[in-house]
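# Summary of structural features
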Amino acid sequence: MGTQNGLVIEARKLTKIFRDFWHRPKVTAVHGIDLEIRQGEIFGLLGPNGSGKSTTLKMILGLLHPSSGDLTVLGKPPHDVAVKARMGFMPEESYLYKYLTAVEILNFYANLYGLSGSLKKERVEGLITQVGLTAARNRPIGEFSKGMARRVGLAQCLLNDPDLILLDEPTSGLDPIACREVKDLLLGLAKRGKTILICSHHLADMQDICDRVAILLNGDICTQGTVQDLLINPDTLRLSLPAPPRETLSAILDYIEQETGRRPVVDHTGRTLESVFIETVTRHPSTP
Amino acid sequence: MMLIRTTAIAWLTVREAVRSKLLLSLTSLLVAGLVGLPLLISSDHTLAGKIQIILTYTTTFATTVLSLTTLWIGCGGVSAEIQDRRFYLVITKPLHRYELWLGKWMGIMVLNVALLALTGLIISTMAHYTIQSAQEPLKEKRHVSEQFLLAHQILRPLTPDWSKITVEATQRLVQSGRIPEKMTTEALQKKLIEELKIQRFTIPPKGGVLFSFQRPAAETLGHDLILNYRFDSTRPERTPVAASWVMGNTPAHQFHIGVTNYPGVPATLALGDDVSAATNILTVAYQRLDDDNQATLMLADQTQEPELLVPYGSFEMNLMRGLFVILCRLAFLAALGLTAGCLLSTPVAVFVAFFIIILMASSGYVEFVATSGVFYVPHEGPAPVQTWLDKMILSLFHFFHGITLPLTRLDPVPLIATGRVVSLEMTLQALGWLVGLYSTIAAVIGITLFNRRELG
């Protein structure tokens, strides 16, 4: 599925310089980055606007040519058709043909993947159900909401059962439930050995699902590592315990302050707004 | 696999045209134009005039509309999808860019085939209906039908071997020592040919001229042979000339048709099918009957010579061949549009492609410049001296003339409109030149540019 060294994407000194009409350098969007993404991991590419993450993604997709450096995807140059056959891509915007229905557009993309007959029908029907578009399957994409169009975008990305999945802002435009479903779907795919590269601004979503992340700034990778390593603060602990009587808590805090020289911070453990929303909506009687 | 992908792109193009109501708008425009134009344009109030207007204007209208649309769809086919980034999801699929280009081209051609088929159906129906519903006498209707709703092969008169004749004449002049001084043999022969041609085609009062045609191999199947001719007079006033055509080789098979013609006006004569039954060479003689001293000159230019139209095949088959030639032109325009769209944004691509079309439309002037070597004919005095810039531009004109020659020569509209056959040779030439060569060159350039283009 992967390559001999287990690297699905490998970039060495990858650079992209945009030039003007006279071929003079205009902007260096990506500045000699090194990147290694292994099989089965979910890798997050983070960064502010203009940091070079979309340019990096486009080079991996073969839409842009690197100015210098080496880039291999699944062991081959990114523009190789054999690579594209094993790759799925979901862009940030739903660049879909608005006059086609959900089924028609998936059939069209399935044809481009060379799928035919029962396999094509099985994949299309399965994905329509999986992304929750059964009721809207025969409506033109032009009539879809942004979230529904995103679901079609996700379905087309999985048509070929890809080994490498590239996602640009995958949860953008989705409601929290759909967002959770997408995240669960991606975690499931990663468990099946699929490699996933995500570009996103939604740091909470990235924290939820990514194994490793890289933070880009002005075309350079500033930080790279596992989410756990990046988030952990080894000097601080968080302890959750049943709320004790006030006197007992005060004695514990005094003791800790005496031992460490710092007064601990105490607050109530709370739920995230996402978990409250999901619980409220899923338990509501009108929810199917 | 490649076929599945290319067909998918082609069907997407067709589906887009259908769903975006482009096909419906185009069909409505074509139907309205094809039916409405002959009603709007007045003819000479003869049935033949009406039919000629139907055939000329409808075919020209359909060709123009489809050419512009093809170019527009071609330009937008690639560039618009790059611009609105719909290609992101297509290019990232496992297909080569040439498959994408080819699929788009095929899609446009499917639309063109459908619209040309509709055009053919409407033109044919209108032409037949106009003749059938006309108030003219049956004989006139039959004559018009024979003239226009039948494909005719054109036969030109057999021409004398001018070089042999002039060589012999030159030898006689040399022997008799009557060659003017300072005149080369070549110049003399050239002058002799000109004089002999003038002699041949000048018909004095009571005079005549004989034309011989090689009889066609095919049967006429009961249809008329048609003789087209035109005379010009040496006098400015256009008084009618009475004459008699004598058809047939031997007195036993000869028959006479009396005619009165105005100089400068094209005339048509239906000969029936009897004359086709005799020998391999058909002779047709023109004998002036008037004794007026008006000299009637039949110009030596070959286009002014009489022509014999011999039935060749059905109008419908001829129309189909003509529409196929037009389809080949559209194939090239689609390739041109797609190629422009591969490199440029939609408005710029459309501008460039239309500029090329306008240049092609000015092929008459291009041909004049390329063949005459001057940009204009001066009213007085000698032609101005050409600078190096003029010479450079002239060579550009030569180049462009060479390129556009097949496009301008392969025009079936005048043939369809005058009942002349669109030959199989012409259709094959159109296929070879316009599809096989020109479209392929456009495709190679377009695909190469498209492969190199970044889609950021």
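Just so it is clear, the model here is predicted, and its values are computed rather than measured.

## Details of the overall build of chain B
Within chain B, the regular secondary structure consists of 14 helices and 11 strands. Over its C-alpha atoms, taken along the principal directions, chain B stretches across nearly 85 × 60 × 40 Å. Residue pairs in contact within chain B that sit at least 24 positions apart in sequence constitute 84% of those at least 6 positions apart.

## What about the environment of B:Leu158?
Residue and element names in this part refer to chain B. One can find Leu158 in the loop between strand E1 (150–155) and helix H7 (162–176). Considered as a pair, Leu158 and Thr239 are 81 residues apart in the sequence and their alpha carbons are 30 Å apart. Once residues within four sequence positions are removed from consideration, Leu158 is found in contact with Ser212, Phe213 and Gln214.

## Looking at the sheet that holds strand E5 (residues 87–90) of chain A
All names here are of chain A. Spatially, E5-E6-E7-E3-E8-E9 is the arrangement adopted by the six strands of the open sheet, whose pairing is mixed. Where the open sheet ends on each side, the last strands, each with one partner, are E5 and strand E9 (220–226). Along the sheet, successive strands turn relative to each other by an average axial angle of 15 degrees, direction set aside. Here strand E8 (residues 212–217) runs beside E9; their pairing, made up of six bridges, is antiparallel. Across the sheet, residue Val213 finds its bridge partner in E9, namely Gly225. The sheet strands contacting helix H1 (residues 53–61) are strand E3 (42–46), E5, strand E6 (164–168), strand E7 (195–199) and E8, and the helix crosses E6 at an angle near 150 degrees. Running at roughly 145 degrees to E7, helix H6 (residues 176–191) makes contact with E3, E6 and E7 of the sheet.

## With respect to the interface of chain B and chain A
The interface is formed by 22 residues belonging to chain B together with 21 residues belonging to chain A. Of all the elements in the fold, those that place two or more residues in the side of chain B that touches chain A are helix H1 (2–19) and helix H4 (88–91) of chain B. Ranked by residue count, the leading element in the side of chain B that touches chain A is H1(B), at six residues.

## Looking at unusual backbone geometry
For A:Asp161, which is not glycine, the phi torsion reads 50 degrees and is therefore positive. Relative to the helices and strands, A:Asp161 resides in the loop between helix H5 (146–157) and E6. The backbone of B:Lys21 shows a phi angle near 65 degrees, a positive value even though the residue is not glycine. As for its position among the elements, B:Lys21 is in the loop between H1 and helix H2 (22–40).

## Focus on the packing of helix H5 (residues 97–132) of chain B against helix H9 (residues 315–343) of chain B
Residues and elements named next belong to chain B. Direction vectors running N to C along H5 and H9 enclose 150 degrees, while the axes themselves pass 9 Å from each other. The angle between H5 and H9 places the two elements in the roughly antiparallel class. With respect to the hand of their crossing, H5 and H9 are arranged in right-handed fashion. Of the residues in H9, those in contact with Trp101, Lys104, Trp105, Ile108, Met109, Asn112, Val113, Leu116, Thr119, Gly120, Ile123 and Ser124 of H5 are Glu316, Leu319, Met320, Leu323, Ile326, Leu327, Leu330, Ala331, Ala334, Ala335 and Leu338. When the residues that make up the contact of H5 with H9 are grouped by side-chain class, the tally is 17 nonpolar, four polar and two charged.

## Notes on helix H10 (residues 346–361) of chain B
All names here are of chain B. Along its 16 residues, H10 runs 22 Å from first to last C-alpha, staying within 8% of the 22 Å computed at 1.5 Å per residue. By the burial criterion, the buried members of H10 are Thr346, Ala349, Val350 and Ala353. All buried residues of H10 project into a common sector of 95 degrees when viewed along the axis, lining one side. For H10, exposure combined with an orientation more than 90 degrees from the buried face picks out Pro347, Phe355 and Ile358. Looking at the buried residues of H10, the elements they touch are helix H3 (47–83) and H9.

## Section: the pairing of E3(A)
All names here are of chain A. Burial within E3 is extensive, with five of its five residues counted as buried. Alternating residues of E3 divide into Ile42, Gly44 and Leu46 and Phe43 and Leu45, and every residue in both groups is buried. The pairing of E3 with E7 spans four bridges and is parallel. Bridge pairing in E7 links Ile42 to Ile196. The sheet contact formed by E3 and E8 spans four bridges and is parallel. Across the sheet, the residue bridging to Leu46 is Ile215, located in E8.

## Brief notes about H5(A)
In this model H5(A) runs 16 Å from its N-terminal to its C-terminal C-alpha over 12 residues, within 8% of the 16 Å that 1.5 Å per residue would give. The buried fraction of H5(A) amounts to 10 of the 12 residues, a majority that puts the element mostly inside the structure. Taken residue by residue, H5(A) has A:Met148, A:Ala149, A:Arg150, A:Arg151, A:Val152, A:Gly153, A:Leu154, A:Ala155, A:Gln156 and A:Cys157 as its buried positions. Where the residues of H5(A) are buried, they touch E5, helix H3 (102–112), helix H4 (117–130), E6 and H6 of chain A together with H4 of chain B.

## Observations regarding the domain arrangement of chain B
The domain architecture assigned to chain B consists of domain 1 (2–145 + 315–354 + 419–452) and domain 2 (162–312). Centre-to-centre separation of domain 1 of chain B and domain 2 of chain B, based on C-alpha positions: 42 Å.

## Concerning the packing of H7(B) against helix H8 (residues 185–201) of chain B
Residues and elements named next belong to chain B. Across the interface, H7 lies against H8 with an axial gap of 9 Å and an inter-helix angle of 120 degrees. Taken together, H7 and H8 sit at an angle that is classed as oblique. Between H7 and H8 lies a crossing whose hand is right-handed. In this structure, H7 uses Trp162, Ile165, Thr166, Ala169 and Thr170 to contact H8, whose residues at the interface are Thr185, Leu188, Gln189, Leu192, Ile193 and Leu196. Here the residues of the contact of H7 with H8 are counted per class, giving seven nonpolar, four polar and no charged.

## Regarding the nonpolar core
Taken as a class, soluble globular proteins show a tendency for nonpolar side chains to be buried jointly. In terms of nonpolar packing, the biggest core is built from 162 residues, with A:Ile105, A:Leu106 and A:Leu166 touching the most fellow members. Top contributing element to this core by residue count: H9(B), with 16 residues. Excluding residues within four positions of it along the chain, A:Leu166 makes contact with A:Leu57, A:Ile60, A:Leu61, A:Met87, A:Phe89 and A:Leu197.

Cut-offs applied
- Residues numbered from 1 in each chain as written.
- Chains lettered and ligands numbered in written order.
- Predicted model: local features only at pLDDT ≥ 70, side-chain atom pairs only at ≥ 80, totals over all residues.
- Helix = DSSP H or I, 4+ residues; strand = E, 2+ residues; numbered from the N terminus.
- Contact = placed C-beta atoms within 7 Å.
- Pairing = 2+ DSSP bridges.
- Axes fitted to C-alpha atoms, helices over the stretch in contact; angles between N-to-C directions.
- Parallel < 35°, antiparallel > 145°, perpendicular 65-115°, else oblique.
- Left-handed = near helix turned anticlockwise from the far one by under 90°.
- Nonpolar A, V, L, I, M, F, W, Y, C, P; charged D, E, K, R; others polar.
- Expected span 1.5 Å × (residues − 1).
- Buried ≥ 20, exposed ≤ 12 C-beta atoms within 10 Å, placed from the backbone.
- Arc of directions from axis to C-beta.
- Domains from an automatic or database assignment.
- Core = buried A, V, L, I, M, F, W, Y, C linked by C-beta atoms within 7 Å.

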